[in-house]
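The chain contents come next:
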Amino acid sequence: MSNGKKSGCMKQIGIGCLILLIIVIAGGVAVGLWFRYEVNKAGGFEVWKNKKISEFIDYSVHQVLAELPLNKQEKESITRVVNQFSQRLTRGEIPSEQVAKVILGFYGSSLPEAFIALNFQGKYLKRDTGGALQVNRFVNGLLGGKISIKDAEPFFQLVMVNPEALDQLHNLKSSEHQDISQKLKLREGLSEADISKAVDVLRNTANHAGMATVRVDLNFYPLLEGILARAAVASAAESSEAPETVPAR
């Protein structure tokens, strides 16, 4: 290839790169302008951030509820609390940092166990009303504090891939470790014998806790309200202990 041809080819490549660079820069500017427009429209960065967090919480909760075998009233005992929290967050009545404490409160409560038991019902007991009744009794015991996380362990040892992940989740000090929550998986392809044994464990645990032998609607509201209240107290305590910033002279 001659120097003239090579120079022309390089020149064409250079122009192509320049055009690509302009497109990238223009795209970045457009995104930046859109972001600034959205932030200004919302009333500032903090307001915009809280709104986005609120939207994500609402979306995540509704995605989870779609997978759980709950009736309308039971779902509303969850969404009522979540909606109230989201609205307060959007209005700026709750600092976005408090969301992390709410997540940790969720991880430290019996809610993960309750949701896993309900997932077990949805996956393996779709036509087993007797088994579904035992899940209902078990979860009601968890929500009401009559069945402790320790008492519930034998069931999760039977049905989970990594039952030890529950202990890790309960002992988290930061809400950033989402990888642990991803380990909360049910075992695939449980045999009829395994399912029957798991239901027996649910029944025995509920019987030992003195749970009613009839189905009672699950009420998540008190437990969720307690988590939000404790998160608010912890956030307020940290704010009061934070050292005051001395303005520079």
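Worth saying up front: this structure is predicted, and the values here are computed from it rather than measured. Residue indices follow the written sequence of each chain, beginning from 1 at its first position. Given that this is a predicted model, residues contribute local features only at a pLDDT of at least 70 and side-chain atom pairs are listed and counted only at 80 or more, while totals for whole chains, interfaces and linings are drawn from all residues. Side-chain numbers come from the whole structure's heavy atoms, not from hydrogens or water.

1. Notes on the overall build of the protein
- Counting secondary structure elements, the protein contains 11 helices and 0 strands.
- Each of the 249 residues in the protein was classed as buried or not, and the buried ones make up 35%.
- Total accessible area on the protein is roughly 15400 Å²; 58% of this is exposed by carbon and sulfur atoms. Helix and strand definitions follow DSSP, with helices as H or I runs of at least four residues and strands as E runs of at least two, each counted in order from the N terminus. When a residue's accessible area, from a 1.4 Å probe over protein chains only, is under 20% of the maximum for its type it is buried; when over 50% it is exposed; and in between it is partly exposed. Values of accessible area rely on a 1.4 Å probe in the Shrake-Rupley scheme; residue burial ignores everything except the protein chains shown.

2. Thoughts on the nonpolar core
- The biggest cluster of nonpolar side chains holds 51 residues, and the ones touching the most others in it are Ile78, Leu118, Phe120, Phe138, Val139, Phe155 and Phe220.
- Here this core takes 8 residues from helix α5 (residues 111-124), the largest share from any one element.
- Throughout, a contact is declared for two residues whenever any of their heavy atoms are within 4.5 Å. Discounting residues that sit within four places of it in the chain, Leu118 has contacts with Leu68, Pro69, Leu70, Val135, Val139, Leu218 and Phe220. Buried Ala, Val, Leu, Ile, Met, Phe, Trp, Tyr and Cys residues form a nonpolar core when they are joined through side-chain atoms within 4.5 Å.

3. Here's the deal with the confidence of the model for the protein
- Overall, the predicted model of the protein reaches an average pLDDT of 79, with 69% of residues at or above 70.
- How sure the predictor is of each residue is captured by pLDDT, a score from 0 to 100. At the low end of the mean pLDDT range in the protein sits helix α1 (residues 3-42), at 47; at the high end sits helix α10 (residues 192-208), at 98.
- Under a pLDDT of 50 for its full length, residues 4-16 has, in the predicted model, 1 contact with residues more than four places off or in other chains.

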